[in-house]
Amino acid sequence: LQVIWPASHSSPGVAPARLLPRTRGAVTRNPCSSRLRSGMALAAAGAAGFRRRHEGNRRSHLAAGPDVVDVEDLSVPEGGGDIVQAVLDRVARDGVPLLEQRMEYVPEPENSPLRACGLPALQAGGAPRLVAALRAAGVGPDRAEVGAGILCLMLRGVDEAHNLITPHSWPSPTTYGGQPKHNSEVRREAAYCHVIVHRMEGTHRGEYGTGFHNSNYWIGSALGGAQHPIFEELRASAAELAEGSSDAKAALRAMGPKWDPRSFNRTCEEALLTEDEELTAFCAAVQAKELRLLFDHTTLRLV
């Protein structure tokens, strides 16, 4: 099994977006529930990251040619579970903060959170090591690549995730993802990952509008108005996480009885624009649950 990390970049195109005005309004904060309190530090970090971001378009980084990494050459313990479980344990402990991240759209991002995540196995091997670990655990090739992309998102590796999932969800070659895999058995799950990748990109502007705009485009591509199998449990979990937060409960009332990813995107964008720490903590907790449910669904719970 080979993972291709090509050079240069070419982003799948979507229609240009209309930027939303940066508006602030009065925010009513309520005491946090015990479920949300542990997320307040993450929320504060998200607000700080929001304030630090700057405007400007990303520049393309060109390189000479593709690098090919044979995942069978990577040293992974039999079963592959140790590395994967370390990531899952970290998410269970720390969550997945709702931070806006500027994407590089290159095969090897300079500012890779994976290299700084504190897990020694990933500091050198990175995303290919996660693919190898899932393959060693018995996960099929397509599911291993998209599953590894979800693990990258859990560690905030949006570019690494994007590189892995794009061949499974976009019909044309890209210089960061390589050749498309037209018969991928996880095309829908890979498209769903795009929803989360670009939600994490947030209000940063890429080649084709903001991350939120691109995320909403992928909702249509992944779901086409249908419900994903994880939505019922995700909606129930969100209701539990909303206990004690009037803002979160209001967001779910506006969403309706079924999970609506576009409505959740709006809630996340509102939380970032208003710097509402409580609502940001709620969105981060729901996002962590969403990623775990999607990982289990994609890997068929083999890990």
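These notes cover the structure that comes with them. (Residues numbered from 1 in each chain as written. Predicted model: local features only at pLDDT ≥ 70, side-chain atom pairs only at ≥ 80, totals over all residues. Heavy atoms only, no water.)

Details of the side chain of Glu290
Condition: To qualify as a helix, a DSSP run of H or I must reach at least 4 residues; to qualify as a strand, a run of E must reach at least 2; elements of each kind are numbered from the N terminus. Only protein chains enter the calculation, and the probe is 1.4 Å; a residue is then buried if its accessible area is under 20% of its type maximum, exposed if over 50%, and partly exposed in between. Residues count as neighbours in contact if any of their non-hydrogen atoms are within 4.5 Å of one another.
Tracing the sequence through the fold places Glu290 in helix α12 (residues 277–298). For Glu290, a relative accessible area of 1% corresponds to the buried category. Leave out the neighbours within four places in its chain, and Glu290 touches Tyr192, Ile196, Arg199, Ile230, Leu234 and Phe264.

Digging into the packing of aromatic side chains
Note the threshold: Paired rings are identified among Phe, Tyr and Trp, the last through its six-membered ring, by centres lying within 6.5 Å, and are further divided according to the angle between planes into stacked (under 30 degrees), edge-to-face (over 60) and tilted (the rest).
Under the criterion given, the structure shown has 5 aromatic pairs. A centroid spacing of 5.9 Å and a plane angle of 80° characterise the contact between Tyr192 and Phe231, whose relative ring orientation is edge-to-face. Here Tyr192 is found in helix α7 (residues 187–201), whereas its partner Phe231 is found in helix α9 (residues 231–241), with 39 residues between them in sequence. Owing to a relative accessible area of 1%, Phe231 belongs among the buried residues under this scheme. Joined through ring pairs, the aromatic side chains of Trp170, Tyr217 and Trp218 make up one cluster.

Remarks on the nonpolar core
Definition in use: In this text, buried Ala, Val, Leu, Ile, Met, Phe, Trp, Tyr and Cys residues form a nonpolar core when linked through side-chain atoms within 4.5 Å.
Core analysis: the largest hydrophobic core is formed by 72 residues, its most contacted members being Leu151, Met154, Tyr192, Trp259 and Phe282. If one sorts the elements of this core by residue count, α12 sits on top with 10 residues. For Leu151, the residues in contact, after removing those within four places along its chain, are Val84, Val87, Leu88, Leu130, Leu134 and Phe295.

Structural notes on the packing of helix α5 (residues 141–154) against α7
The condition is simple: Under this scheme, a helix contributes an axis fitted over its contacting stretch, all axes are lines through C-alpha atoms, and angles between N-to-C directions fall in the 0 to 180 degree range. Roughly parallel refers to an angle under 35 degrees, roughly antiparallel to one over 145, roughly perpendicular to one between 65 and 115, and oblique to any angle outside these ranges. For any pair of crossing helices, the crossing counts as left-handed if the nearer helix is rotated counterclockwise from the farther one by less than a right angle, and right-handed if it is rotated clockwise.
Put simply, α5 and α7 touch, their axes get as near as 10 Å, and they point 15° apart. The orientation of α5 relative to α7 falls into the category roughly parallel. Considering the relative orientation of α5 and α7, their crossing is left-handed. Here Val146, Ile150 and Leu153 of α5 lie close against α7, whose contacting residues are Glu189, Ala190, Cys193, Ile196, Val197 and Met200.

Some details on unusual backbone geometry
The residue Tyr105 is not glycine, and still its phi comes out positive at about 55°. Along the polypeptide, Tyr105 turns up in the loop between α3 (81–94) and α4 (120–136). Using a relative accessible area of 2% as the deciding quantity, one classes Tyr105 as buried. Positive phi outside glycine occurs at Leu300, with the angle close to 60°. Note that Leu300 resides in the segment after α12.

Just geometry here; none of it tells us what the structure is for.
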